[in-house]
Amino acid sequence: MNETMLRMAGIRKTFPGVVALDGVDLTVGQGEVMGILGENGAGKSTLMNILYGLYTMDAGTIEMQGKKVHIRNSADAIGLGLGMVHQAFTLVPNLTVMENIILGSEPSRAGVVDRGRARAQVLALVKQVGLDIDLDTMAEDLPTGFKQRVEILKALHRGAKVLILDEPTAVLTPIEAEELFKSVRRLTQGGSTVIFITHKLKEVMAITNRITIMRRGKVVTTLDTKDANFDVLANAMVGRQVQRKFNFGPYKPGELLLQVEGLRAASKHKTEALDGLSFSVNAGEIVGVAGVEGNGQTELVECIMGLMKPTGGAIRLGTKLINKLPTSEVLKLSVGHVPEDRALNGLILDFSVAENVVLGATESTDFSRRGVMAPRKIRDFARKIVKLFNVSAAGIDVKARNLSGGNQQKIIVGRELAGQPHLLIAHQPTRGLDVASTEYIQSLLVDSRNAGRGVLLVSADFDEILDLSDRILVLYEGKIIGELNRGAGIGELGRLLGGIAAK
Amino acid sequence: MDLTWLILLAAFGLENAVPIGLAAQGELITEKSGILNIGIYGGMAIPAFAAAAADLAFGPVLGGGSAYMGLLAAMATGAGLNFVFAYLSTKIHIDQVIAGIGINIFAVGITAVFLQRYYTVDGTPNGNTVAPLFSITGLAQNLRISISPLMAAMFLLPILVYLFLGRTKLGLHIRAVGENPKAAEAAGVDVAWVRIAATAIGGMLLGLGGAYLTVDFNPNFVPDYAQAIFPAFIALAAVIAGGWKPGYVLAVSILFGVTEALRPVLAVSSAQGYLFTTLPYIVTVIVLGIASKRLRPPAALALPYKKE
Ligand SMILES: Nc1ncnc2c1ncn2[C@@H]1O[C@H](COP(=O)(O)OP(=O)(O)OP(=O)(O)O)[C@@H](O)[C@H]1O
Ligand SMILES: [Mg+2]
């Protein structure tokens, strides 16, 4: 390890009902990339939020470059050269990219923002780290990958020497992730230090110098990346062997469940998002939709679910035309939906875990009679889901907001799968999940398929698509430009996407 | 055809619009930061009487200039009152709506007391008034329209507010905390203090709007409870109907002012009078209804922010 940049010792933090951190030690060397691994709810984000001054710790000390520091708020943290890119982005939606980047550290004269100087500064940064972006776009109009670039630039504009990235790749496509890695390497070459949180072991192996593994609020071990391998890491994280093999039954596609014909839709920005798309999903198969984000995935799912109106074409469930059906009716036709953005469409963050678990299922006579809810049954069901999916939460009455990102995701997937829908539309179902939970949820998708139900899997995680899909549809600019069968390799998929990108 | 009534309608309408327009720009700044100041009536009425009191007190020393001391006093009182309000809701975490209602109730009481002291029984003020900037004559026979400096301010303010919010550091911070306080906090912005500042600045303009009711030369207003409550709550509606955009907010304020002038100008009989008295309110509701379809309020409006 190089000279010590940062040392956190004996960090402890409790929330009502949970010990989130129980005496955590973390040492990071100057100029290195420190990976932090740990299952959902292990306390990674909490530890970083303390470092960044968003939470106050109950006990412990923080030293930077050998000197003890007191971080009371993020202004203090920024002053010490810390920068953080959060798991959930923190951009101000109606400010421009540039305003977001300079927010809190505006170059100004007599209280008036010096726009010329700001632009020059930001452009210089963009060039330095190689993250290209249009500065005058509103933050709310940016695709996810670009929001993250803004976050990184924002931290750097504040002069961050230590950059904390909390699951930065969960929202990126493999190609975007590669770009991010390049920038991270550039940064560390320039002397910056990076703390990198992720659930993807491949990435940890590729980008970090050292790895700290956390479990249930404690550090299990810290090791050099060169001494690590998949099994060592997975074992330390989960405390048991993680298998990556699924039991696929024979491929016997059955009745037609979903048929999409010549589907067209306009995006929010009025451009054509879906351009005459046709495909079908049968019972007993997993159909994967692969593609770089922003090529129509969101609109495709929203059209099927009745969240968006198609401008042309037909969507049929079995033989029933559902183009104009509202979401509530679509759901009644035994369709399950794991939405892409859990905070936006999947959960009501201020509702309790129990309430969220029965969202959308309240129609069922199991949970309500003549409009009156049956609390006991709801709670039993919520407990069952929490246990089955190993959700780490202080109880079923805590607000969904207070769950770690991965645990929020488990609640949604659990809720949707519990109804055993004939057709499951799973959009990024394992985003942000730890290795064990990812494996578990993927195996549930495979079980659904083996049991003769259909799954439409839309994912930016190419490994997930390749591992699970019976058929893979490659989506590009609102069209399906190729189809692959099980057994195709990442090379083939990459070539398909690459060939298109070259056009 | 005699167009005098149109000229009168414009003149009266603009006068009516001044307190609405000034207060609305203030409330706009405050709301942009995520604070909804329901206490807007108190924020206008109390400074209105602070203006009157200062005017009376300085009258013997400054003569006619005492009215300007009234304006200063109103702005200071408005800022101070709103400072307290914002401090209570951001630092002590008292509910914004409850604190606002409290201020209004307090204002209702205090208004009655001051009214007796500052006005004679027949409704004329005892103090001095702000002199008009200039007068327009010749539009119609015997008609002399005087323009108040406060009316000029009403037209100038939207530009200043636009530049303030768009170009200054504090303006940027205000927009950020009103939209996503957590993001602003993470960027090192002190959410509570920015909100307090925005509310206090808004209070200055509320105060100025209030002062128009007491120390401007225009004697149309006897700022009793009924007279002051109209511009206050209409200003609240104008901010919404104007979509939190300074220029539109001004336009809506003028529309409301003109609607209010219809009855006196058309000198309608008391039989139809009720209709015209309620017209401003009906117009408000209609404008709000139309506007609400495409409104985009500050995302964090009226939401308290508390650090973990
Ligand atoms: N604001 C909060 N209030 C209550 N409990 C919280 C709060 N924030 C986190 N927790 C709890 O603290 C624990 C650690 O959460 P944290 O978000 O740090 O996990 P994590 O390691 O980042 O997980 P993930 O990989 O899912 O993001 C969890 O049990 C979580 O429910
Ligand atoms: Mg986390």
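Quick caveat: nothing in here was measured; it's all calculated off a predicted structure.

1. Details of the sheet that holds strand β2 (residues 18-29) of chain A
Residue and element names in this part refer to chain A.
- Across the sheet, four strands lie side by side as β2-β1-β4-β5; this open sheet has antiparallel pairing. On the outer flanks of this sheet lie β2 and β5 (67-69), each paired with one strand and no other. Neighbour to neighbour, the strand axes of the sheet diverge by 25 degrees on average, direction disregarded.
- As paired elements, strand β1 (residues 4-15) and β2 share nine bridges and run antiparallel to each other. Bridge assignment links Met8 to a residue of β2, and that residue is Leu26.

2. Concerning the packing of aromatic side chains
- Applying the stated criterion across every chain, the model contains seven aromatic pairs over all chains.
- On the basis of an interplanar angle of 70 degrees and a centroid distance of 5.5 Å, the ring pair of Phe389 of chain A and Tyr440 of chain A is categorised as edge-to-face. Within this pair, whereas Phe389 of chain A is found in the loop between α13 (375-388) and α14 (405-418), its partner Tyr440 of chain A is found in helix α15 (residues 435-450), the two being separated by 51 residues in sequence.
- Of the residues examined, Phe389 of chain A reaches a relative accessible area of 5% and is grouped as buried.
- Here Tyr440 of chain A falls in the partly exposed class, since its relative accessible area comes to 28%.
- Seen in terms of ring centroids, Phe83 of chain B and Tyr87 of chain B are 6.2 Å apart; in terms of plane orientation they differ by 25 degrees. Their pairing is stacked. With a gap of four residues between them, Phe83 of chain B and Tyr87 of chain B both fall in helix α3 (residues 66-90), about one helical turn apart.
- Of the residues examined, Phe83 of chain B reaches a relative accessible area of 35% and is grouped as partly exposed.
- For Tyr87 of chain B, a relative accessible area of 32% corresponds to the partly exposed category.
- Pairwise contacts between aromatic rings join Phe83, Tyr87 and Trp193 of chain B into one cluster.

3. Thoughts on the side chain of Glu99 of chain A
- Secondary-structure assignment places Glu99 of chain A in helix α3 (residues 97-102).
- The exposure class assigned to Glu99 of chain A is buried, which follows from its relative accessible area of 11%.
- In this view, Glu99 of chain A contacts Arg115 of chain A together with Gly166, Leu172 and Arg175 of chain B; residues no more than four positions away in its chain are not counted.

4. Section: the domain arrangement of chain A
Residues and elements named next belong to chain A.
- Under the domain assignment used here, chain A contains domain 1 (4-238) and domain 2 (256-334 + 421-497).
- Taking only C-alpha atoms into account, the centre of domain 1 sits 32 Å from that of domain 2.
- The interface of domain 1 with domain 2 comprises 18 residues on the first partner and 14 residues on the second.
- Carbon and sulfur atoms make up 60% of the area that domain 1 and domain 2 hide from each other, which totals about 1200 Å².
- In terms of surface lost to domain 2, no three residues of domain 1 exceed Asn40, Thr173 and Pro174, which account for 30% of the buried area on that side.

The rules we used
Residues numbered from 1 in each chain as written. Chains lettered and ligands numbered in written order. Predicted model: local features only at pLDDT ≥ 70, side-chain atom pairs only at ≥ 80, totals over all residues. Heavy atoms only, no water. Pairing = 2+ DSSP bridges. Helix = DSSP H or I, 4+ residues; strand = E, 2+ residues; numbered from the N terminus. Axes fitted to C-alpha atoms, helices over the stretch in contact; angles between N-to-C directions. Phe/Tyr/Trp six-rings, centres within 6.5 Å; stacked < 30°, edge-to-face > 60°. Buried < 20%, exposed > 50% of the residue type's maximum accessible area, 1.4 Å probe, protein only. Contact = heavy atoms within 4.5 Å. Domains from an automatic or database assignment. Buried area = accessible area lost by both parts, 1.4 Å probe.

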